[in-house]
Amino acid sequence: MSSLALINEFLGQPPNASEHGYQIDHILEFCHWFMGTLFIGWSLFFIFVLIRFRKGRHPSADHAGVRSGISTHLEFSVVLIEAVLLLGFAIPLWARRVNEFPPTKDTILVHVVGQQFNWNFHLPGPDGQFGRRDVSLVSNSNPLGLDPNDPAAKDDIVTLGELHVPVNRPVIVELSSKDVIHNFCLPHMRIAGDAIPGSLIPMWFTPIKIGTYEVICGQLCGLGHYGMKGTVVIDTPEDYQAWLKERAELAGTQNAPPTAPAPGQQPPGGAPKTEQPAAQPENKPAAPPTSPSPL
Ligand SMILES: [Cu+2]
């Protein structure tokens, strides 16, 4: 990273692990340096006027005020730079994130459902089809209310607190919530989005570094908010296939969604991996935004 990264590091920004993250970092760095420069400039100007226009030198007020046009030019320059930042960088970057979703081919689609105080992850399984969910079927062992009579639901993968995705493949996350407004935040991936009951909110990222990263809730969502954490594991393609195979077998043998820990209980970190790769499911993410979620 360039020296511009000093401010991001000083503020505790974790290392970037996503494809687009450097763009977010660059604009954050530039804004912080720009605001720091403005702060120092205005502070020096403030001190200057306190001394220059002190009572000892100007016992009576000058009601005519400033006659020079320098301050007008200065203020116009600041407004111009801020407008360029907003219109030239911030809004186009935001627009690319929300309008230019990756093509559905080769994309991983995950449903993420927040609840007090855990994250549920729902993958479609080898058939590539998400099973039906019904709020009346929600229980401790079936946190998403998957319908066990729906053939598409039998191989669905549901995990609590831990998600695996392969490296270098775009991931589309569709967010919803079971109770209050949460915020699905992946600091290392430089994405965050609100999980709102009754809505299905899409966002996406492409992980570029293998590892285990923290998922946090970015909205104060209740007394247990501080503990609403999870992990996203960025696997090699082989490890991801092994994890999929393991979880799909678990789902298939139970003829029902896999058992998950009770809400409020954090799952053990690091899912065991098997050696044999399995066929990759054909995930078919819908073009965002999609219809409202049942949960
Ligand atoms: Cu939360």
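Since the structure is predicted, the reported quantities are computational estimates derived from the model, not experimental observations. (Residues numbered from 1 in each chain as written. Predicted model: local features only at pLDDT ≥ 70, side-chain atom pairs only at ≥ 80, totals over all residues. Heavy atoms only, no water.)

A.B. asks: Would you mind showing me how to read the coordination of the copper ion here?
C.D. replies: Around a metal, the idealised angle for a tetrahedral arrangement of four donor atoms is 109.5 degrees; for an octahedral arrangement of six donor atoms it is 90 or 180 degrees. Coordination of the copper ion by the protein is provided by His182 (ND1), Cys217 (SG), Cys221 (SG) and Met228 (SD), with metal-donor distances spanning 2.1 to 2.5 Å. Relative to the metal, the four donor atoms surrounding the copper ion lie at angles of 87 to 125 degrees, and the coordination shape comes out tetrahedral. Read in sequence order, the donor residues for the copper ion give the motif H-x34-C-x3-C-x6-M. According to the relative accessible area criterion, Met228 is buried, its value standing at 1%. (Donors = N, O, S within 2.8 Å, 3.2 Å for Na, K, Ca; no water. Tetrahedral: all angles 85-135°; square planar, octahedral: opposite > 155°, others 65-115°. Buried < 20%, exposed > 50% of the residue type's maximum accessible area, 1.4 Å probe, protein only.)

A.B. asks: I would appreciate a short explanation of a nonpolar patch on the surface in the present structure.
C.D. replies: There is a patch of nonpolar side chains on the surface, built from Leu86, Leu87, Ile91, Trp94 and Val98 and spanning about 520 Å² of accessible area. Take Val98: its relative accessible area is 39%, and that puts it in the partly exposed class. (Patch = residues over 30% accessible without salt bridge, like charges linked within 9 Å, V, L, I, M, F, W, Y side chains within 5 Å. Areas by Shrake-Rupley, 256 points an atom, 1.4 Å probe, with all protein chains shown as cover. Salt bridge = Lys/Arg side-chain N within 4 Å of Asp/Glu carboxyl O.)

A.B. asks: Help me understand the packing of aromatic side chains in this model?
C.D. replies: To describe a pair of aromatic rings, you give the distance between the ring centres and the angle between the ring planes. Within this structure, the stated rule accounts for seven aromatic pairs. The interplanar angle of 65 degrees and the centroid separation of 6.1 Å between the aromatic rings of Phe121 and Phe184 together place this pair among those described as edge-to-face. Placement of the pair is Phe121 in strand β2 (residues 118-123) and Phe184 in strand β6 (residues 182-186), with a sequence separation of 63 residues. Here Phe121 falls in the buried class, since its relative accessible area comes to 0%. Under the relative-accessibility criterion, Phe184 is labelled buried at 1%. Taken together, the ring pairs connect Trp42, Phe45 and Phe48 into an aromatic cluster. (Phe/Tyr/Trp six-rings, centres within 6.5 Å; stacked < 30°, edge-to-face > 60°. Helix = DSSP H or I, 4+ residues; strand = E, 2+ residues; numbered from the N terminus.)

A.B. asks: Can you help me understand the packing of helix α2 (residues 21-52) against helix α3 (residues 70-99) in this one?
C.D. replies: Two quantities define a packed helix pair, namely the angle between the axes and the distance from one axis to the other. Where α2 contacts α3, the two axes come as close as 11 Å, and the packing angle between them is 165 degrees. It follows from the interaxial angle that α2 and α3 lie roughly antiparallel. Crossing of α2 over α3 shows left-handed handedness. In this structure, α2 contributes Gln23, Ile24, Ile27, Phe30, Cys31, Phe34, Met35, Leu38 and Trp42 to the contact, and α3 contributes Glu75, Val78, Ile81, Glu82, Leu85, Phe89, Ala90, Leu93 and Arg96. Looking at the contact of α2 with α3, its residues break down into 14 nonpolar, one polar and three charged. (Axes fitted to C-alpha atoms, helices over the stretch in contact; angles between N-to-C directions. Parallel < 35°, antiparallel > 145°, perpendicular 65-115°, else oblique. Left-handed = near helix turned anticlockwise from the far one by under 90°. Contact = heavy atoms within 4.5 Å. Nonpolar A, V, L, I, M, F, W, Y, C, P; charged D, E, K, R; others polar.)

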